[in-house]
Amino acid sequence: MTKHALLSASAASRWLKCTAAPRYEAQFPETVSEYAEEGRLAHSVCELKVLRKYTPLLTQRQYTSQLNKLKKNALYSDEMDRTSDAYLDHIAEKAMSYASPPLVSAEVRVDFPDIVPEGFGTCDCVMVGGDTLDIIDYKHGRGVPVASEGNAQMRLYALGALRKYAPFYGESIRQVRMAVVQPRLYDAPTSETITVEELQSWGDSIKPLALKAYSGFGDFVPGDHCRFCRGKAQCRARADAHTALEDFKHLVLPTAENQARRSEAAGDAPAMLTHAEIGDLLTRGKTLLAWYTDLAEYSLGAILKGEEIPGWKAIAGRSNRAFTDHDAAAAAVIASGYDEALVYDRRLKSITELENLMGKADFAEKIGTYVYKPPGKPALAPASDARPPYSSTASDFAGVGNAVT
Ligand code: SF4
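Because the structure is a prediction, the values reported are computed rather than measured. (Residues numbered from 1 in each chain as written. Predicted model: local features only at pLDDT ≥ 70, side-chain atom pairs only at ≥ 80, totals over all residues. Heavy atoms only, no water.)

S.K.: Pulling in residues and values, what's your account of the overall build of the protein?
M.R.: Helix and strand counts for the protein stand at 15 helices and five strands. Per-residue burial over the protein gives 34% buried out of 405 residues. Look at the contacts in the protein between residues 6 or more apart in sequence, and 65% of them connect residues 24 or more apart. A total accessible area of about 26,200 Å² is found for the protein, and carbon and sulfur atoms account for 56% of it. (Helix = DSSP H or I, 4+ residues; strand = E, 2+ residues; numbered from the N terminus. Buried < 20%, exposed > 50% of the residue type's maximum accessible area, 1.4 Å probe, protein only. Contact = heavy atoms within 4.5 Å. Areas by Shrake-Rupley, 256 points an atom, 1.4 Å probe, with all protein chains shown as cover.)

The following block contains the structure:
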């Protein structure tokens, strides 16, 4: 069974903000979603490719045999072959940037107990040579963009890797490059480069928070980071933060500026919200929506297990009619006199399906010129979102959708 650190590097962005989370979460069982399983499988494919290309640990035969085993997994898809290639391409590009071939290792266990009590983790890829250390992380998910800038998980891995390689490289490593490869979401990896001094000073700055989180005397601080907390649905602090109706009624907004504005209005608030207020309410409403969804998901699960959530019950959702036997149904329609062309739709397979069928290179050569990527519809996102702001002439805004990312 895999041992997990109480303060895991992957959850650092959460426990650095909510120091109560690790001990609170410990009472909830770990659940494994299909997405997580799929991610694990993709990581195994990535690891195999790195081991084959950069280490003498796998012969071609062993590599092929292990890859074939992974391919038998029901969650394997041809897309994994492409995304792991993108990961490998990035590693190759980084390796080429070294004056002499660096040491490249996959799935490297790193320990950082000097920063985080009992802290350890596993880096997808570590590369070291000359004055540089590269930490490369593969993310298979496409739901949540992972930024490399200020990424606590990567920085902890980097601190652990520095510690690990110090006996061999001494103080020769001066800079650390940390990259996140998320090929299903971004065409190019994102990365951050900082000096070893900057990294160490960041490590020193988080030590008190790590100690507090470990001690069991941390503070509950709700926020966006609740999203992956195992106890998010039942967390009282998070619920308290969403006494939404009161918040919305009085516009008790958190910033000093808004408090001042409210005092100014002194019960005589104008009928129309200002844009500043709308901006704040959007921010609050977004987390409110996420919280409500989590509550609903939890409650449905509890009711299906036979527990009671007063005032609520489980019902059968909407479903669509379906044929029990497609071929027999089609044959019956044709037999009753309808032309086959009217019975079946002839449809070109999707770009992804054709790319999987033909392979990336052949696809690009033969039909690449017929592919275009229209600009995405403008969508609302918080100003902190890593993607650049939408830019277009006013006419491009025709038919603006309501999606919020
Ligand atoms: S749900 Fe949020 S506030 Fe509650 S413990 Fe988890 S991270 Fe902290």
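Still more to cover.
S.K.: I'd like to hear about the pattern of salt bridges, residue by residue, with values.
M.R.: It is possible for side chains of opposite charge to pair when their charged atoms get near one another. Scanning the entire structure with this criterion turns up 21 salt bridges. Close ionic contact of R82 with E355 constitutes a salt bridge, the shortest N to O distance being 3.6 Å. Here R82, found in helix α5 (residues 78–96), pairs with E355, found in helix α14 (residues 351–358); they are 273 residues apart in sequence, far enough to count as distant. Comparing R82 with E355, the two get one shared label, buried. Residue K207 pairs with D204 through a salt bridge whose shortest N-O separation is 3.4 Å. With K207 and D204 both in helix α7 (residues 196–215) and three residues apart, this pair spans about one turn of that helix. A residue is classified by how much of its surface remains accessible, and K207, at 30% relative accessible area, is partly exposed. (Salt bridge = Lys/Arg side-chain N within 4 Å of Asp/Glu carboxyl O.)

S.K.: Pulling in residues and values, what's your account of the packing of aromatic side chains?
M.R.: One pass over the structure, following the stated rule, counts four aromatic pairs. Measuring from centroid to centroid gives 5.3 Å for Y24 and F28, while their planes differ by 70°, and the two rings are edge-to-face. The exposure class of Y24 is buried, given its relative accessible area of 14%. Using a relative accessible area of 15% as the deciding quantity, one classes F28 as buried. Taking the centre distance of 5.5 Å and the plane angle of 80° together, the rings of Y24 and F220 count as edge-to-face. Residue Y24 is found in helix α2 (residues 21–25), and its partner F220 is found in the loop between α7 and α8 (236–240); the two are separated by 196 residues along the sequence. A relative accessible area of 42% places F220 in the partly exposed class. (Phe/Tyr/Trp six-rings, centres within 6.5 Å; stacked < 30°, edge-to-face > 60°.)

S.K.: Account for unusual backbone geometry, with residues named and values stated.
M.R.: Of note, the phi angle at E107 is positive, near 50°, even though the residue is not glycine. With respect to the helices and strands, the residue E107 is situated in strand β1 (residues 103–111). A positive phi angle, close to 55°, is found at E118, a residue other than glycine. Of note, E118 is situated in the loop between β1 and β2 (120–129).

S.K.: How would you sum up the sheet that holds strand β5 (residues 190–195)? Please name residues and give values.
M.R.: Reading across from one edge, β1-β2-β3-β4-β5 is the order of the five strands in this open sheet, with mixed pairing throughout. Looking at the sheet topology across the chains shown, the edges are occupied by β1 and β5. Shown here is a sheet whose adjacent strand axes are inclined to one another by a mean of 25°, direction ignored. (Pairing = 2+ DSSP bridges. Axes fitted to C-alpha atoms, helices over the stretch in contact; angles between N-to-C directions.)

S.K.: Before we move on, could you go through the packing of helix α6 (residues 152–169) against α7 and cite the residues and values that matter?
M.R.: Their axes nearest at 10 Å, the elements α6 and α7 cross at an angle of 110°. By the angle class used here, α6 and α7 are roughly perpendicular. By crossing handedness, the relation of α6 to α7 is classed as left-handed. Between α6 and α7, the residues in contact are A152, R155, L156, A158, L159 and L162 and V196, L199, Q200, W202, G203 and I206, respectively. Here the residues of the contact of α6 with α7 sort into nine nonpolar, two polar and one charged. (Parallel < 35°, antiparallel > 145°, perpendicular 65-115°, else oblique. Left-handed = near helix turned anticlockwise from the far one by under 90°. Nonpolar A, V, L, I, M, F, W, Y, C, P; charged D, E, K, R; others polar.)

S.K.: Which residues make up α6, and what values go with them?
M.R.: Here α6 spans 24 Å end to end across 18 residues, near enough to the 26 Å set by a 1.5 Å rise per residue. Along its length, α6 reaches its greatest deviation from straightness, about 30°, at R163, and the proline P167 lies no more than four positions downstream. Taken as a whole, α6 has its buried residues at A152, Q153, M154, R155, L156, Y157, A158, L159, G160, A161, L162 and Y165. The N-cap of α6, judged by a side-chain oxygen 3.0 Å from the amide nitrogen of Q153 a few residues on, is N151. Where α6 terminates, the next one or two residues include G170, which has phi positive at roughly 55°. (Expected span 1.5 Å × (residues − 1). Bend = angle between axes of the 7 residues up to and from the residue. Polar contact = N/O pair within 3.5 Å; in protein donor to acceptor, adjacent residues only side chain to side chain.)

S.K.: Run through the environment of Y24, naming residues and quoting values.
M.R.: Spatially, the C-alpha atom of Y24 lies 9.4 Å from that of C229, the residues being 205 residues apart in sequence. Each residue touching Y24, except ones within four places of it in the same chain, is listed here: F220, C229, G231, Q234 and C235. Polar contacts involving the side chain of Y24 include one to the main-chain amide nitrogen of C235, which spans 3.2 Å.

S.K.: Please set out the side chain of K49 residue by residue, giving values where relevant.
M.R.: Looking at where K49 falls in the secondary structure, it is placed in helix α3 (residues 34–54). A polar contact of 2.7 Å, which involves the side chain of K49, links it to the side chain of D81. The contacts of K49, once residues within four sequence positions are left out, are Y63, D81, S84, D85 and L88.

S.K.: Before we move on, can you summarise the nonpolar core with the specific residues and values?
M.R.: Counting residues in hydrophobic clusters, the biggest one holds 36 residues, and the most contacted among them are W15, V116, V126, L133, I135 and L156. Going through the elements one at a time, α1 (12–15), β1, β2, β3 (132–138), α6, β4 (175–181) and α7 are the ones with two or more residues in this core. In terms of residue count, the dominant contributor to this core is α6 (nine residues). Each residue touching L133, except ones within four places of it in the same chain, is listed here: Y98, V126, M127, V128, A158, A161, L162, I173, Q175, V176 and R177. (Core = buried A, V, L, I, M, F, W, Y, C linked by side-chain atoms within 4.5 Å.)

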